[in-house]
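For reference, the chains in residue letters:
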Amino acid sequence: MDEKAIVKRISEALLAPNLEGLVPPLLDVLAEITGLDSVYLTRIDFAELQQTIIFSKNTGALNIPENLAVPWKDTLCKRALESETFATDDVPKCWPESDAARELQLQSYVSQPVYDGAGDVFGTLCGASRSRVLLNEETTQWLVMFSRIIGKEISRENLIAELKAEKAKLHKDAEIDPLTGVLNRRGLMSRLAQIALKLAAKKQHYLLAYIDLDDFKQLNDQYGHDIGDRFLLAIADTLRHELDDNDIIARIGGDEFVVVREVEALTEDSEADFQRQLTAAINSDVKTPADTIVYRSGSVGIVAISDNSASIEEWLAVADARMYQQKRARKSAQTTNP
Ligand SMILES: Nc1nc2c(ncn2[C@@H]2O[C@H](COP(=O)(O)OP(=O)(O)OP(=O)(O)O)[C@@H](O)[C@H]2O)c(=O)[nH]1
């Protein structure tokens, strides 16, 4: 193959959107340029001390299968990297102690490290033959070039994976209340939007509870803001531990929480159960370094949801109004019977 044809085929391979698209055509070209029986790309797992063939092209007597994993310590690649012997047409003389080379009856061998974007060895780009193949400076140069092209693609893909993970983390953080670790208002709204979508498709039932702690300002004033914070965290922890695993828990304001539960049917029992569980969870004692705060006065308003005829804002407004009703009733009872 003349150089012009090689460059054309490499240019075509470079249009591939990923490693799966890039490596096979490059291996085709490499096999033709070198005349080696097998050319292949490996990944080295330095934690597990294992080398795996991830792509291979076999044209001759030798067959190096993809997905073959071998212990790193026995490999010719390790010997080649350590001794910086990147090409030989006399494997038995170069590495007489290698059982693997003897078993595979290898005569010619080339290898180049492939580096990822961080400058670490990702794996190797290799070729091997049972016959003696002329391996000159030019062969090595091609191998170096191909290993760099592959390394760049690996580095690009690693970067994209990192960016995606970072984006997912940022997105998750944006939906979490940093003080308590439960969802914030934004997180709640996104879960409620998903529920509204599900309700459009099939019949499901939910209970949404709006919780507001009574006289929290007074608690802050009496014990200080830091203890108030600990108190909010303790309430969120109790909700997390006492409620069902699938319940959605959010803190949407200073002392306001929302809990959403999917129920099999909307019955008086299911609502009463929910109310009881929530009231028990918020009316809990909270230990602080100085004191145990005995707290017995959160208000809860519940709305039942089984279709999306009302908007998310309306669900919240109804639950909020019911919560407020309960709060007012409790407060007026307190005034009447102090
Ligand atoms: N410690 C602490 N306090 C907060 C936080 N966010 C808001 N607050 C306080 O929470 C209190 C909530 O006020 P309200 O709900 O209006 O007052 P309340 O005493 O609970 O009144 P009622 O709900 O009518 O019983 C205010 O004093 C806010 O300063 C927070 O993150 N940490």
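What you are looking at is a predicted structure, and each value in this text was computed from that prediction instead of being measured.

Cut-off values and rules
- Residues numbered from 1 in each chain as written.
- Predicted model: local features only at pLDDT ≥ 70, side-chain atom pairs only at ≥ 80, totals over all residues.
- Heavy atoms only, no water.
- Helix = DSSP H or I, 4+ residues; strand = E, 2+ residues; numbered from the N terminus.
- Buried < 20%, exposed > 50% of the residue type's maximum accessible area, 1.4 Å probe, protein only.
- Polar contact = N/O pair within 3.5 Å; in protein donor to acceptor, adjacent residues only side chain to side chain.
- Contact = heavy atoms within 4.5 Å.
- Core = buried A, V, L, I, M, F, W, Y, C linked by side-chain atoms within 4.5 Å.
- Arc of directions from axis to C-beta.
- Lys, Arg positive; Asp, Glu negative; His and termini not counted.
- Salt bridge = Lys/Arg side-chain N within 4 Å of Asp/Glu carboxyl O.

### Remarks on the side chain of Asp214
Inspection of the secondary structure assignment puts Asp214 in the loop between β7 (205-213) and α8 (216-223). For Asp214, a relative accessible area of 1% translates into the label buried. Side-chain polar atoms of Asp214 contact the side chain of Ser299, separated by 2.9 Å. Separated by 2.6 Å, the side chains of Asp214 and Lys327 make a polar contact. What Asp214 contacts, discounting residues up to four positions off in sequence, is Tyr295, Ser297, Gly298, Ser299, Lys327 and Arg330.

### Remarks on the nonpolar core
Grouped together as the largest cluster of nonpolar side chains are 29 residues, with contacts concentrated most on Leu26, Leu41, Leu125, Phe146 and Ile150. When contributions to this core are tallied by element, the ones reaching two or more residues are α1 (3-14), α2 (19-34), β1 (38-45), β2 (50-58), β5 (108-115), β6 (121-129) and α6 (137-173). Considering each element in turn, this core owes the most residues, 8 residues, to α2. Non-local contacts of Ile150, meaning those with residues more than four positions away in its chain, are made with Leu19, Leu22, Val23, Leu26, Leu41, Val114 and Leu125. Core analysis: the second largest hydrophobic core is formed by 27 residues, Ile211, Ile249, Ile293 and Val300 among them.

### What about α8?
Within α8, the full set of buried residues consists of Phe216, Leu219 and Asn220. All buried residues of α8 lie within an arc of 100° about the axis, which places them on one face of the element. Facing away from the buried surface of α8 by more than 90 degrees, the exposed residues are Lys217, Gln218, Asp221 and Gln222. For α8, the secondary structure elements touched by its buried residues are β7, α9 (225-242) and β11 (292-294).

### What to know about the side chain of Asp37
Looking at the secondary structure, you find Asp37 in the loop between α2 and β1. The side chain of Asp37 is buried and forms no salt bridge, while Arg130, the nearest opposite charge, is found at 5.9 Å. Excluding its chain neighbours within four sequence positions, the residues that come into contact with Asp37 are Lys57, Asn58, Thr59, Gly60, Ala61, Leu62, Ala128, Ser129 and Arg130.

Any link to function would need more than the numbers given here.
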